[in-house]
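Coordinate analysis (summary)
One-letter residues, chain by chain:
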Amino acid sequence: MCGIVGIIGNKPAAPRLLEGLKRLEYRGYDSAGIATLENGHLDRRRASGKLFNLEAAQEADPLNGPIGIGHTRWASHGAPTVKNAHPIAAGTVAVVHNGIIENFLDLKSELEGHGKIFDTDTDTEVVAQLVAREIENGATPKQAVGTVLPRLEGAFALVFLFDGDTQTLIGARKGSPLALGKGEGEMYLGSDAIALAPLTSQVIYLEEGDWVVLSHTGHEIFDLTGAPVQRPWQQTSAYALLIDKGNHRNFMVKEIFDQPEVIGHTFANYIDLASRTVKQDALKVEFANLERLTVCACGTAFYAGMAAKYWFEKYARLPVDVDIASEFRYREAPLDKNGLALFISQSGETADTLAALQYCRDNGQKIASIVNVQESTIARDSDMIIPTFAGPEVGVASTKAFTCQLTVLACLAIAAGRARGHLTSAQEIALVSSLIGVPRHVADITNRSDEIEGVAKRIITARDILFLGRGINYPIALEGALKLKEISYIHAEGYAAGELKHGPIALVDDNVPVIIVAPRDNLFEKTVSNMQEVAARGGQIIMITDADEREGIGTELFDLIHVPKADAFINPLLYAIPVQLLAYHAAVLLGTDVDQPRNLAKSVTIE
Ligand code: M6R
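Predicted, not measured: the structure shown is a model, and the values here were computed from it.

Taken together, eight strands build an open sheet; the order of strands is β3-β2-β4-β1-β10-β9-β11-β15 and the sheet is antiparallel. Each edge of the sheet is formed by a strand with only one pairing partner; in this case those strands are β3 (41-48) and β15 (234-235). The pairing of strand β9 (residues 179-183) with strand β10 (residues 186-190) spans five bridges and is classified as antiparallel. Bridging from a neighbouring strand, K182 pairs with M187 of β10. Across the face of the sheet, helix α2 (residues 51-60) comes into contact with β2 (31-38) and β3 while running at roughly 140° to β3.

Structure representation (structure tokens):
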């Protein structure tokens, strides 16, 4: 995750860019840079390390132009050196970038084939080079950006500055946030309203796929297809500026929409994006000779652990015991000598998880933890911390923390597979490549939130709802039921689809929606046959699938939620999103307090 600011103004931009960057430092701080146009001439100051290094560089040799862009970086492609610090420049173009350009290797070799030389190790440079090439060939900045954007795959936000053009700043968002703001004869761009707070309280949050051309006094927004669109101005509130909710009505939905960005930010810590391999050293765990892994967590974090069991066992042939922490702590489980116990927690303060950790420590286990809050007690009590980078999660219902936990666990499973000799290098590259595609697919799903709202409207009158899944999608069914229960207060249960006939099928009648998590994987036919059992009893079947238009389903569906086709490895990360959105919309339609549902607490610090 990186932070972006842009100003097209009428007084020196640099001090104000630096102020904006300070507010964005929480998004990354391993290098920073600014570029401005002074008398139309583009110049940059960049520094590695924290922002004060950039401030010193600016003080030593000031940039004075009134138009500029700034960036605080959290390195994904290329080391955090000055050379790789943004703004990245090529020809007449400078660009700042947050996110990942998935197809940068293909684009880079195309450009190198045409004789272009690359100065940096970043994926961002392909964007600068492509736009610069269009301009060299006679395009205006607006035409150049409009031509290049559709060629970029991934989830990202970009802001461009053009040498010799003092009237134009261009921003684009696809999967990563970008807001624009207006002042007196000035316009601004920023990763969030917090960055723009000293400049303005009037903002427009760009929507997915939007790009915007700014002048000093106006803006034109275009959507994904290039068609002009209008987006409303909003007044940011003081509270929103403490933790920015963007244009979302509550934190939970904001956090659902954060997922393309934070998943990318999380995996960028653990995989080398250029070689498409896992960074064994960042993942810290010694898997080669491990005989068994004990995983403990509560609630949603426990379901992440359940999903991980399928990954570790399949890809690394590593036996995994996964347990609810509140049960594990009392069952006096015998543990292997010198074994490894893995704890998963968003808050890092959950009392039951902490007690289970203590039990494992007392029984000679090495302790690894996947936590979101790195200063937490669980983190401090662990031998190895493998952080998620979800950012603060405010909504009581866990969403982005869950998918970031899955992301780390997926990386760990690949690392274990390699270390234990069960994955070849080619298989590692294939799995990592599919993981890199997750932010893009997740953004595709969140973009269809309105369709999922339509499905939610059809289920909110139900008294009971069943969620079914098989294999690694079974924990997703459990998570779907938990999400729906906790925020909409509709009774829901998750079951392994094959288990239905052993009892729960007695619940099915024509008033019971049955939500089936069914990607077209090796268990699809089996899940469909479980679905027929439900259909035969009149259940209202809602299928969440990547299967083509009712392909191979052979039964009448009550509704269908479509998910992009992807490698089965990443399915849990994708199928988590529709179940979150379904619960969210159901809760909003029922008028419950989505962010702070009754009887719950964000962090459960009591037994
Ligand atoms: O902070 P933790 O991840 O340890 O919390 C665990 C559970 O309390 C938490 O996941 C809870 O189930 C959520 N409310 C689920 O949305």
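From this point on, the discussion continues.
With their axes 11 Å apart at the nearest point, helix α1 (residues 14-24) and α2 run at an angle of 175° to one another. When the axis of α1 is compared with that of α2, the two are roughly antiparallel. Across the interface between the two elements, A14, L18, L21 and K22 from α1 touch L51, L54, E55 and Q58 from α2. For the contact of α1 with α2, the residue count by class is five nonpolar, one polar and two charged.

Our focus in this paragraph is empty space enclosed by the protein. Evaluation of the coordinates by the stated rule reveals two cavities of 30 Å³ or more. For the largest cavity, the calculated volume is near 220 Å³. Forming the boundary of the largest cavity are 27 residues, of which M1, S76, N98, G99 and I100 lie nearest the centre. Looking at the lining of the largest cavity, the elements that each hand over two or more residues are β6 (93-101), β7 (154-162) and α9 (259-270). Counting residues per element, the lining of the largest cavity draws most heavily on α9, which supplies five residues. Looking at which domains feed residues into the lining of the largest cavity, each of domain 1 (3-247) and domain 2 (248-436) gives three or more.

On to the domain arrangement of the protein chain. Often the size quoted for an interface is simply the accessible area lost on bringing the parts together. Looking at the assigned domains, one finds that the protein chain contains domain 1 (3-247), domain 2 (248-436) and domain 3 (437-607). Of note, the centres of domain 1 and domain 3, computed from C-alpha atoms alone, are 38 Å apart. The largest contributions to the domain 1 side of the interface with domain 3 come from E102, A155 and E208, which together make up 71% of the buried area. Run the count over domain 1 and domain 3 and you get one salt bridge.

As a further point, take the packing of helix α4 (residues 124-136) against helix α5 (residues 141-148). The interhelical angle for the contact between α4 and α5, taken along N-to-C directions, is 130°, at an axis separation of 9 Å. With respect to each other, α4 and α5 are oriented oblique. Here α4 and α5 pass one another in a crossing that is right-handed. Judged by residue contacts, L130, V131, E134 and I135 of α4 engage P141, A144, V145, T147 and V148 from α5. Here the contact of α4 with α5 is built from residues that sort into seven nonpolar, one polar and one charged.

Residues W311, F312, L409 and L412 are the most contacted members of the largest nonpolar core, which totals 98 residues. Ranked by residues supplied to this core, first place goes to helix α21 (residues 571-590) with twelve residues. For this core, the two domains that each supply at least three residues are domain 2 (248-436) and domain 3 (437-607). Other than its neighbours up to four places away in sequence, F312 contacts F287, L293, R317, L318, V320, L409, L412, A413 and A416.

Below, the discussion takes up the site of the ligand. As a structural note, the neighbourhood of the ligand is formed by 13 residues, with S345, Q346, S347, T350 and E486 the closest of them. A distance of 3.1 Å is found between an oxygen atom of the ligand and a backbone nitrogen or oxygen belonging to T300. Note that a nitrogen atom of the ligand is positioned 3.2 Å from one of the backbone N or O atoms of V396. Burial of the ligand by the protein chains amounts to 90% of its free accessible area of 420 Å². When contributions to the shell around the ligand are tallied by element, the ones reaching two or more residues are α11 (299-316) and α19 (474-488). Of the residues forming the shell around the ligand, the biggest block, three residues, is contributed by α11. Classifying every residue of the shell around the ligand by side-chain character gives four nonpolar, seven polar and two charged.

Further remarks concern unusual backbone geometry. Cis geometry marks the peptide bond from H86 to P87, where omega comes out at 0°. Relative to the helices and strands, P87 is located in the loop between β4 (67-73) and β5 (88-90). Positive phi values are uncommon outside glycine, yet Y489 reaches one of about 65°. Here Y489 lies in the loop between α19 and β24 (491-496). When its relative accessible area of 28% is taken as the criterion, Y489 is described as partly exposed.

In this fold, R331 is placed in the loop between α12 (325-328) and β20 (340-345). C-alpha separation for the pair R331 and L51, spaced 280 residues apart in sequence, amounts to 50 Å. A polar side-chain atom of R331 sits 2.3 Å from a polar atom in the side chain of D323.

What counts and what doesn't
The numbering scheme is per chain: residues are counted from 1 as the chain's sequence reads. Given that this is a predicted model, residues contribute local features only at a pLDDT of at least 70 and side-chain atom pairs are listed and counted only at 80 or more, while totals for whole chains, interfaces and linings are drawn from all residues. Each side-chain value is derived from all of the structure's non-hydrogen atoms; neither hydrogens nor water enter the calculation. Paired strands, as defined in this entry, are two strands with at least two bridges between them according to DSSP. In this description a helix means any DSSP run of H or I spanning at least four residues, a strand means any run of E spanning at least two, and both kinds are numbered starting from the N terminus. Note on contacts: a residue pair qualifies if any of its non-hydrogen atoms lie within 4.5 Å across the two residues. What counts as an axis is a line fitted to C-alpha atoms, over the stretch in contact for a helix, and the angles between N-to-C directions run from 0 to 180 degrees. Angular relationships are summarised with four words: roughly parallel below 35 degrees, roughly antiparallel beyond 145, roughly perpendicular across 65 to 115, and oblique for the angles in between. In this classification, Asp, Glu, Lys and Arg are treated as charged, Ala, Val, Leu, Ile, Met, Phe, Trp, Tyr, Cys and Pro as nonpolar, and every other residue, Gly included, as polar. With a 1 Å grid laid over protein atoms only, a set of points is called a cavity when a 1.4 Å probe fits there but cannot get out and a pocket when it is open yet has protein on both sides within 12 Å along at least five of seven lines; lining residues have an atom within 4 Å of a point. Grid points are joined across faces, edges and corners, and a volume is the space filled by probe spheres set on the points. Either an automatic procedure or a domain database provided the assignment from which the domain bounds are taken. As used here, buried area is the combined drop in accessible area, with a 1.4 Å probe, of two parts when they are placed together. One side-chain nitrogen of Lys or Arg within 4 Å of one carboxyl oxygen of Asp or Glu is enough to make a salt bridge. For any helix crossing, the convention is left-handed if the near helix is rotated counterclockwise from the far helix by under a right angle, and right-handed if that rotation is clockwise. Throughout this description, the term nonpolar core refers to a set of buried Ala, Val, Leu, Ile, Met, Phe, Trp, Tyr and Cys residues connected via side-chain atoms within 4.5 Å. Accessibility here uses a 1.4 Å probe with only protein chains present; expressed as a share of the type maximum, an area under 20% marks a residue as buried, one over 50% as exposed, and anything in between as partly exposed. Any residue with a heavy atom lying within 4 Å of a molecule or strand is counted as near it. Nitrogen and oxygen atoms within 3.5 Å of one another constitute a polar contact, given that in protein one can donate a hydrogen and the other can accept it, and given that sequence-neighbouring residues count only through two side-chain atoms. The method behind every accessible area is Shrake-Rupley, applied with a 1.4 Å probe, and residues are considered shielded solely by the protein chains displayed.

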